[in-house]
Amino acid sequence: PALMSCPQVQRALLALTVPLEMLQAVKGRMLQAMRKGLSRQTHAQANVRMLPTYICSTPDGTEKGDLLVVELCQSHVRTLWVTLLGDGNQSPQVMYKIFDTPGDIMKGKGEALFDFIAQCVRQFLAGIGSPQHRLPLGFVFPFSCRQTRLDKAELISWSKGFSCSDVEGKDVVQLLQSAINKQELYHVDVVALMNDTVGTMMTCSMGGEPCEVALVVGEQRAPHVPGWWVGGGLRQCSPPLLPADTGTNSCFMAEAQQVEMAEETSGRMCVNTEWGCFGDDGTLSDVLTPYDQRVDQESSSPGEKRFEKLVGSLYLGEIVRHALTALAAEKALFIGSSVAVLRTKDVLKTQQVLEIIDNEEGMAKARGALEALGLRPSERDCCRVQQICRAVVSRAAALCAAGLAAILSHMCQSRELERLVVNVGVDGELYRGHTRFREILQSVTGLLAPECTATLLPSVDGTGQGAAMVTAVTLRLAAQRREVDQLLAPLRLSRTDLERVQVLMRREMELGLGRESNANASVRMLPTYVCGTPDGTERGEFLALDLGGTNFRVLVVRVAHDGIRMASEIYVIPTAIMQGTGEALFDHIIECIMDFQLKQDLMEQVLPLGFTFSFPCQQLGLDKAVLLSWTKGFSASGCVGQDVVHLLREAAQRKQHLGLKVVAVVNDTVGTMMSCGYDDPKCEIGLIVGTGTNACYMEEMQNVGTVEGEQGRMCINMEWGAFGDNGCLDDIFTDFDRLVDEKTINAGKQRFEKLISGMYLGEIVRHILLALVKKQLLFRGKPCPKLQNKDIFQTKFLSTIEIDGLALRQVRAILQDLELQASFEDSVLVREVCQTVSLRAAQLCAAGLAAVVEKMRENRGLARLAVTVGVDGTLYKMHPCFSQHLQQMLRDLAPNCTVTFLQSEDGSGKGAALVAAVACRGAEPRGQPPLSPQ
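Residues numbered from 1 in each chain as written. Predicted model: local features only at pLDDT ≥ 70, side-chain atom pairs only at ≥ 80, totals over all residues. Heavy atoms only, no water.

J.: What is the right way to look at the sheet that holds strand β13 (residues 452-458) in this model?
T.: Pairing between the strands of a sheet is mediated by backbone hydrogen bonds and can be parallel or antiparallel. Across the sheet, which stays open at both edges, the six strands sit in the order β1-β11-β10-β9-β12-β13 with mixed pairing between neighbours. Here the strands that pair on one side only, and so sit at the sheet edges, are β1 (51-52) and β13. Strand direction decides the pairing type here: strand β9 (residues 213-217) and strand β12 (residues 420-427), joined by four bridges, are parallel. Looking at the pairing, Val213 lines up with Val424 of β12. Contacts from helix α6 (residues 196-204) reach β9, β10 (248-255), β11 (268-272), β12 and β13 within the one sheet, and its direction differs from that of β9 by about 125 degrees. (Pairing = 2+ DSSP bridges. Helix = DSSP H or I, 4+ residues; strand = E, 2+ residues; numbered from the N terminus. Contact = heavy atoms within 4.5 Å. Axes fitted to C-alpha atoms, helices over the stretch in contact; angles between N-to-C directions.)

This is how it looks when you write it as C-alpha cells:
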C-alpha cells in the first residue's frame, strides 16, 4: 500500500519494466543484427560482430593429456596446468598460480606485457617441476580480436584499462609464442586463443552431453588462492572473486556455411557474438530510460555497448543510483535527508543491489547500505529502494533472455529443426549469485522461444578449465584429421596420377585398334559400322526398338525440318519368355512391334528400323551383330553366337510381318552420341556414366585395323569399363576397391567401371566407413551391424549427401535410416568420404576422356580441337558435383581441346532412329534397293 500511493515510484517502475511484446521485438532486432554480423556484405557495419572463433567441435570425453593455460585478466595473470584423463572429463586434475600484474605494464610497451606473461609461465613450470615433453598452451585473451585461425588473431582494440603500444593490428598468438621462445621454453606451443565466453561453453560440455551455447552476465569467478598453487579438482574451492570481465557476451555453435567471414563451409563453428554492442545503432532507443541515458553519458565510452549497459554488472548499481536520485528530487524518497552523496559515481555497487533484492535479508541490507552513505531511510524508503533494485535486475534478466531466445531461434531455423533441445552454459555473478535472475532468464527465454528447450548449466571455471578443453579438443581434432587423411590418401589422386591414367588409356586404345594387338587389349575398341553423325538433312519416319532389360520400347520417330517428334509404347517381357527359347522371345518382340504399328496406323508402310540392343555383341556390320553372352537376367536359348538381326527377321517371316526393314543395331553409348549429334553437329563422342560406364567416338578409318577400308570415319565403341583388367591400373586400386571387386559377380573384370560407375561407389564408401569405425574415428567406434550388409549404402545417397548447402541434419537422417547414430562431426566426416570417392570417379573419367579428345585432335592434325560429348547416365545427371569435377579436370588434362557437354535425351530410342536415318541418308544417293526381310 505504501507503494501504491506514490505515482512517482509507479512511473519509475513502469519505465524499468519491458513488456512481453517489447521483448519479442528486441529478440527480432537481435536476430536481424546477428544475420548482419554473419553476412560478408554487411559484417563491416554490424554492431553484433558475430566473430568466427575457429572452434569447430565440443568435447566428446575422450580428450586426455597435460595442457597449459594462460589467462590475462584485469589485474593479474593466471597460469594453470590441467591433466585430462580421457574419462569423460569427470575429474580433471588442476594446479594453478596467480601473478599480480604491475600497473605500469598495462599501459606500457606490448613487448613488456608479453615478456611478463612468458616469465609467469616459466616460473609456474619451474615451480611444479614440469617435464620437458611438448606442452600445448591455450591462451585466454578477453579482448576484441579478428581471428583467422584458432592460433592466429589480431587485436582490434584494447579495453578494460589496457593500452599497451604496438599490439593493435598484430597477431597476439605470435607475440606470446615469441616471448615464450625468448624464455627458452621451446617445448611450449601456443595452439589456441579464445575469449572467456567460449571457455564457458566448453566446460559445460564436459559432462558428456554437448553444450552449444554460452552466456556470460557479470563477473566470472576465478579461483584466487593466496600464495602458491593448489592440486586436485577445482570443485571444492569457492575462493574470493577476482575482477575479471564485468560485461556480457554470448557464443554458440553456428552452421559453418552461415559464418561467411570464415572460409569453412562444412560442419559447425562457434561464433562469438560480441553482443554487448547490440543497440549502438539506436535499435534499443525505445527500451532506454532517462536513467540509462545518464549512465551512458557518465561512462568512459558514451554511445557504445548499449546492451551491455542495460545488463552488465558494471552498470546495474549506477542505473539504481540515477533512479534514486531522480525519485529523491521528486520528493518520493529520503525526505529530510541530504541526497548530495547520490550524485557521486559508483557509490552504490552492483553487489549491494544484489543483496538488497534478497527476500529475507534484503530490507536490512538496504538500510545498511543507505545508512553507510549517510542517508536516514524510513521503512518505506527501504521498501521502495528494494522495488527499484528488483526492477533493474529483472529487466537485465529479461533482456538477456531476449538475446538468448534470438540465438536459440536462429539455431533452430538454421538447422531446420521443428524443435531444438540444447544445453546453455552460463557464467557470471548475476546468474550465479541470483536465483531471481536465473528464474527470469529461464522463464522469459521459454516464452520468447517456445520451439526450443534450453537447459541452463552453471559453468565451472570457464576461463581456466574451459581454455584447457578448447586446447584439448583442438589436439584431438588435429590427431583425428591426420588419421583420416592417412586413410583417404590413396583415394586422392594427384595430377601426375591422372596424367599416367591418361597415357595408359591412350596406349590401350592403340592396342585395341590394332589388328594383331586387339586380342590382348583391355579396351576392346569395337567397330560399330556407324560412319557418320547427323548433319541436319535427315528426313522421314523411322522405327526404333530398345531392348536392354525387362521392359522394352517400340518408338516411331518423325524427323522433319522443324525437329523431331516421337511416340512410343513400353512392353513387358515376362520372365518365362526371357528365360525360354530364342524363337519365343523374338516372336514376342515382333508381336509387340505389330501391335504398336497397328495403334499408330503404320501397318501399310515399310519403315527403316534402328535396334538398340544393350547386350555384349560383336558387330560385323551396321545391321549384323553376334550376341556374345546374355546379361541382366536373360537366358533365352539358341541366341548366343547368333546374329540378332537375323533372329528378328526370321521371327518377322514366321509372323508374316513383311514391312520390317532393320538397318542398324546400335549400342546405347552410340545412340547417346547420335541423339545429341542431331542437336549439335560437333557431337562426335558418346559417354555414359550411370550404373555402368562406357564411351564411343569417331575414329579415322585408316586407324581401325580390325575393319577393311581407309576412307572416312567410324564410330568406335570403346567398352572402356574393362580398362585395367590386364593389371595396368593396379597401383590406382586401393584396398577398398579390392574388397568391392572380390564380392562382385565378375571379380577381376570391368575394373575401370568399378572405380567410376554408380553401381559401385556406394560400396566403396561403405568399406571406407567400416575402416573409420574400426579406427574409432566414426560413430565413436561403436559396431554398426547394418553397415556390414552389401549394397546397403546406395550411390543415390552420395548424390543426396553431397548436395551443396544440404543441412547436416538431412545427412544424419540418411544415416539414421541405416541405423547409424551419427553425431554432427560424424555427418561431416561421412560427407567428406562421399566427396572423396565421387571426386576420384569424376577425375578418372576425365583422364579417360582426355585420352580420347587428345587422340582425335592429333588424328586430325589440329592445334585446337572443338568437340561436343553427348552424355547420359544417372550419376552424371543426378550427382550434384560429378559433372563439374569431370569438366574441370578434363580442361586441365587436355588444355588444347574445347569440350562441350550435352545431356542426351533418350539415346537408346531417338539415337537408334537417328542411326537408321543417317544410314538411309547415306544409302539413298547410291540407289541401293531397300533391304527386304530375308
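Read on, since the account is not over.
J.: Is there a simple way to think about the side chain of Ser675 in this case?
T.: Within the element layout of this structure, Ser675 appears in helix α20 (residues 668-679). Looking at Ser675, the relative accessible area reads 1%, which means it is buried. Ignoring anything within four residues of it in the chain, the contact list for Ser675 reads Ser904, Glu905, Asp906, Gly907, Lys910, Gly911 and Leu914. (Buried < 20%, exposed > 50% of the residue type's maximum accessible area, 1.4 Å probe, protein only.)

J.: In this structure, what is going on with the pairing of strand β8 (residues 188-194)? I would like to understand it.
T.: Working note: regular strand, side chains alternate between the two faces of the sheet. Buried residues dominate β8, accounting for six of its seven residues. Both strand β5 (residues 135-140) and β8 contribute to a ladder of six bridges, which runs parallel. Directly across from Gly138, in β8, lies its bridge partner Ala192.

J.: Is there a simple way to explain the sheet that holds strand β4 (residues 93-100) in this structure?
T.: In space, the five strands of this open sheet follow the order β4-β3-β2-β5-β8, with mixed pairing throughout. Sheet topology places β4 and β8 at the edges, where each strand pairs with a single neighbour. Averaged over all pairs of adjacent strands, the angle between strand axes in this sheet comes to 20 degrees, irrespective of strand direction. Pairing of strand β2 (residues 64-72) with β5, which is carried by four bridges, proceeds in the parallel orientation. Following the sheet pairing, Val69 is matched in β5 by Gly138. The strands touched by helix α15 (residues 464-488) are β2, β3 (76-85), β4, β5 and β8; relative to β2, the strand with the most contacts, the crossing angle is about 130 degrees.

J.: What is the right way to read unusual backbone geometry from this model?
T.: Despite not being glycine, Asp166 has its phi angle at roughly 65 degrees, a positive value. Take Asp166: it is sitting in the loop between β7 (152-157) and α5 (172-182). Backbone geometry places Tyr529, a non-glycine residue, at a positive phi of 65 degrees. Turning to its location among the elements, Tyr529 is positioned in the loop between β14 (526-527) and β15 (540-547). For Tyr529, a relative accessible area of 21% gives the class partly exposed.

J.: Help me understand the state of the cysteines, please; the structure alone is not making it clear to me.
T.: One way to say it: the disulfide is the covalent bond shared by the sulfur atoms of two cysteines. The tally for this structure, following the rule as stated, stands at zero disulfides. Distance from the sulfur of Cys204, which forms no disulfide, to the nearest cysteine sulfur (Cys211) is 4.8 Å. (Disulfide = S-S within 2.5 Å.)

J.: Please explain the packing of aromatic side chains as it appears in this structure.
T.: The geometry of an aromatic ring pair is captured by two quantities: the separation of the ring centres and the angle between the planes. Enumeration over the complete set of coordinates arrives at 16 aromatic pairs. Between Trp720 and Phe752, the ring centres sit 5.5 Å apart and the planes meet at 85 degrees, which makes this aromatic pair edge-to-face. Pair noted here: Trp720 is in the loop between β24 (713-717) and α21 (735-742) and Phe752 is in the loop between α21 and α22 (753-756), with a separation of 32 residues, a long-range link. Side by side, Trp720 and Phe752 carry an identical accessibility label, which is buried. Aromatic side chains Phe793 and Phe797 sit 5.6 Å apart centroid to centroid with 85 degrees between the ring planes, which places their arrangement in the edge-to-face category. Geometry around Tyr431 places Arg438 over its ring, the cationic atom sitting 5.7 Å from the centre. Taking NZ or CZ as reference, Arg751 lies 3.8 Å from the ring centre of Phe733, over its face. (Phe/Tyr/Trp six-rings, centres within 6.5 Å; stacked < 30°, edge-to-face > 60°. Lys NZ or Arg CZ within 6 Å of the ring centre and 35° of its normal.)

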